[in-house]
Amino acid sequence: MKILVLNAGSSSQKSCLYDLPADNLPTNPPEPIWEAMIDWTVLAEKGVLTVKANAIKQKIELANSDRRSGIAQMLNTLQTGETQVLNSLIEIDMVGHRVVHGGTNYSQATLITDEVKATIKKLIPLAPSHNPAHLEGIETIESLLTNTPQIAVFDTAFHTTIPPEAAFYPIPYKWTKKGIRRYGFHGTSHKYCAQKASKLLNQPLDSLKLITCHIGNGASLTAIKNGISIDTTMGFTPLEGLMMGERSGSIDPAILIYLIREQGFNADQLNHLLNKESGLKGVSQMSADLRSILQAMQEGNEQAKLAFEMYIHRFRACLGQMLASLGGLDGLVFTAGVGENSAIVREKVCEGFAFLGLKLDPQKNAQSPINQDISTTDSLIRVLVIHTEEDWAIAEECWNFK
Ligand code: ADP
């Protein structure tokens, strides 16, 4: 069974193709037989397409920055040239799309119909850089593969179980009824990591209290009780919660009122300030990439040190929040770019919870092991590093849907 996964970012388009047996899903994520990515940030007005298949890596310069024609060219590399893995695109059995915002409408992977497309469109104001890109992907596939079923896997789906006391904001209730509430994001990754943690710990998911920490450029924590998301740090948009690469995370909302009233800011300027110029980048005044911050810290850069210390402080504070929602903790899971690779972040965050009997094994932590327990045998809380596999999780949802 051939499943194509499309993962649209604001300025990128990733895709991969899995070839899976029809009768049995592999227990460990297999390698895709073809992987591609378009990056629209490298060249002005043009995309750069990178394709990996048949042990070959190809780079192709695209003529323009149009997503639809970019996707069509990208998919053409499946059936022509050195990266060819299909005789024809009609061999694709199903297409799975990562969709950032599904509101509270969808708690499961969903077959894409006109109604689902209308919902994704209606939610554009809540995910202005992602939902339009998803729709373009869906419509491009429709035009190329008329009868192939397409499945939407929503980032918000896993969080539809969050109870009202954690999901609602203390604002006039009429706004809650109009949809201003916590939705939560990175749901596919949090769900995948919880399932993987249960396997690694060899304990049923419905007996576990877990906090999954998805820490990449964007970052969120989720409190998971018996396999169900009961709280998460991202909210109405992916801006709330942790301090991130370029995003501020939670700040006093009155700062915005001050900036509007006293400094003449408008909505677009505030959006840019909080989503693109804040976080590690804003505080360090040098980079959103934690690797550069750590390097600068070693060279004695005080601003980088401040950024890192704030990052850790806020991480611990959000973790405390999730801990309070759970009322206990069996396993703490680190995943994504920072979570999987940065031993110092894991060490500093865990140090703050040593009073709970949480003990990291420094040697295991230093080796950044993937899919392993890095706590000591006498630690009262297991600490796991898990490699997130969002594309695979999407393919799995499609396979289960068939
Ligand atoms: P995205 O949220 O864009 O999907 P990723 O999950 O790929 O991001 O994470 C990217 C981030 O991971 C980079 O910006 C970088 O800060 C961080 N990162 C990657 N490797 C390391 C490392 N070895 N040490 C510290 N941070 C790292």
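The structure under discussion appears in the preceding block.
Undergrad: Explanation requested: the overall build of the protein in the structure shown.
TA: Counting its regular elements, the protein contains 15 helices and 14 strands. Here the C-alpha radius of gyration of the protein, 21 Å, is about what a compact globule of 402 residues would show, namely 21 Å. Principal axes of the C-alpha set define a box for the protein whose edges measure 60 × 55 × 50 Å. Here the protein, with 402 residues, has 50% of them falling under the buried criterion. If you sum the accessible surface of the protein, you get close to 18,500 Å²; carbon and sulfur atoms cover 51% of it.

Undergrad: Honestly, the site of the ligand in this entry has me stumped. Any pointers?
TA: The immediate surroundings of the ligand are formed by G216, N217, G218, D289, L290, R291, A336, G337, V338, N341 and S342. Interatomic distance of 2.9 Å between a backbone N/O atom of G337 and an oxygen atom of the ligand. Expressed as a share of its isolated accessible area of 580 Å², the protein-covered part of the ligand is 67%. Of all the elements, helix α12 (residues 336-341) adds the most residues to the shell around the ligand, at four residues. Its residues assigned to classes, the shell around the ligand shows three nonpolar, six polar and two charged.

Undergrad: Please explain the pairing of strand β11 (residues 228-232) as it appears in this structure.
TA: Counting buried residues along β11, four of its five residues qualify, which places the element largely inside the surrounding structure. Bridge count between strand β10 (residues 219-225) and β11: four bridges; the pairing is antiparallel. Opposite T222, over in β11, you have T232 as the bridge partner. Between β10 and β11, which follow one another and run antiparallel, lie two residues, and N226 among them has a positive phi close to 55°.

Undergrad: Explanation requested: the packing of helix α1 (residues 67-76) against helix α3 (residues 131-144) in the structure shown.
TA: In a pair of packed helices, the angle between the axes and the distance between the axes together describe the arrangement. Orientation of α1 relative to α3, taken along the N-to-C sense of each, is 50°, at an axis distance of 9 Å. The angle between α1 and α3 falls in the class oblique. α1 and α3 meet at a crossing whose hand is right-handed. Contact with α1, carried on its side by R67, R68, I71, A72 and L75, involves A133, E136, G137, E139, T140, I141 and L144 of α3 and no other residues of that element. Among the residues forming the contact of α1 with α3, the class breakdown is six nonpolar, two polar and four charged.

Undergrad: How should I be thinking about the nonpolar core in this particular structure?
TA: It is characteristic of soluble globular proteins that their nonpolar side chains tend to be buried jointly. By size, the foremost hydrophobic cluster in this structure holds 47 residues, and its most contacted members are I211 and L221. Elements that contribute at least two residues to this core include exactly β9 (209-215), β10, α9 (279-284), α10 (290-298), α11 (302-326), β12 (331-335), α13 (343-351) and β14 (382-385). No other element matches α11, which puts eleven residues into this core. Membership of the second largest hydrophobic core comes to 29 residues, among which are I3, V153, L384 and C398.

Undergrad: Which parts of the structure should I look at to understand the side chain of S198?
TA: Relative to the elements of secondary structure, S198 occurs in helix α6 (residues 187-201). A relative accessible area of 12% places S198 in the buried class. Once residues within four sequence positions are removed from consideration, S198 is found in contact with Q203, P204, L205 and L208.

Undergrad: Help me out: how do you make sense of the packing of α10 against α11 in this one?
TA: With their axes 8 Å apart at the nearest point, α10 and α11 run at an angle of 125° to one another. It follows that α10 is oblique to α11 by the angle criterion. Both α10 and α11 take part in a crossing whose hand is left-handed. Of the residues in α11, those touching α10 at L290, I293, L294, A296 and M297 are A304, K305, F308 and Y311. By residue class, the composition of the contact of α10 with α11 is eight nonpolar, no polar and one charged.

Undergrad: Quick question: what am I supposed to make of the sheet that holds strand β1 (residues 2-8) here?
TA: Two modes of strand pairing occur in sheets, parallel and antiparallel, and in both the strands are linked by backbone hydrogen bonds. Taken in spatial order, the eight strands of this open sheet run β5-β4-β3-β2-β1-β6-β8-β7, and their pairing is mixed. The open sheet has two free edges, formed respectively by β5 (56-61) and β7 (110-111), since each of these has just one partner strand. With six bridges connecting them, strand β4 (residues 46-53) and β5 associate as antiparallel partners. Opposite T50, over in β5, you have K59 as the bridge partner.

Cut-offs used in this document
Residues numbered from 1 in each chain as written. Predicted model: local features only at pLDDT ≥ 70, side-chain atom pairs only at ≥ 80, totals over all residues. Heavy atoms only, no water. Helix = DSSP H or I, 4+ residues; strand = E, 2+ residues; numbered from the N terminus. Rg over C-alpha atoms; globule rule 2.2 N^0.38 Å. Buried < 20%, exposed > 50% of the residue type's maximum accessible area, 1.4 Å probe, protein only. Areas by Shrake-Rupley, 256 points an atom, 1.4 Å probe, with all protein chains shown as cover. Near = heavy atom within 4 Å. Polar contact = N/O pair within 3.5 Å; in protein donor to acceptor, adjacent residues only side chain to side chain. Nonpolar A, V, L, I, M, F, W, Y, C, P; charged D, E, K, R; others polar. Pairing = 2+ DSSP bridges. Axes fitted to C-alpha atoms, helices over the stretch in contact; angles between N-to-C directions. Parallel < 35°, antiparallel > 145°, perpendicular 65-115°, else oblique. Left-handed = near helix turned anticlockwise from the far one by under 90°. Contact = heavy atoms within 4.5 Å. Core = buried A, V, L, I, M, F, W, Y, C linked by side-chain atoms within 4.5 Å.

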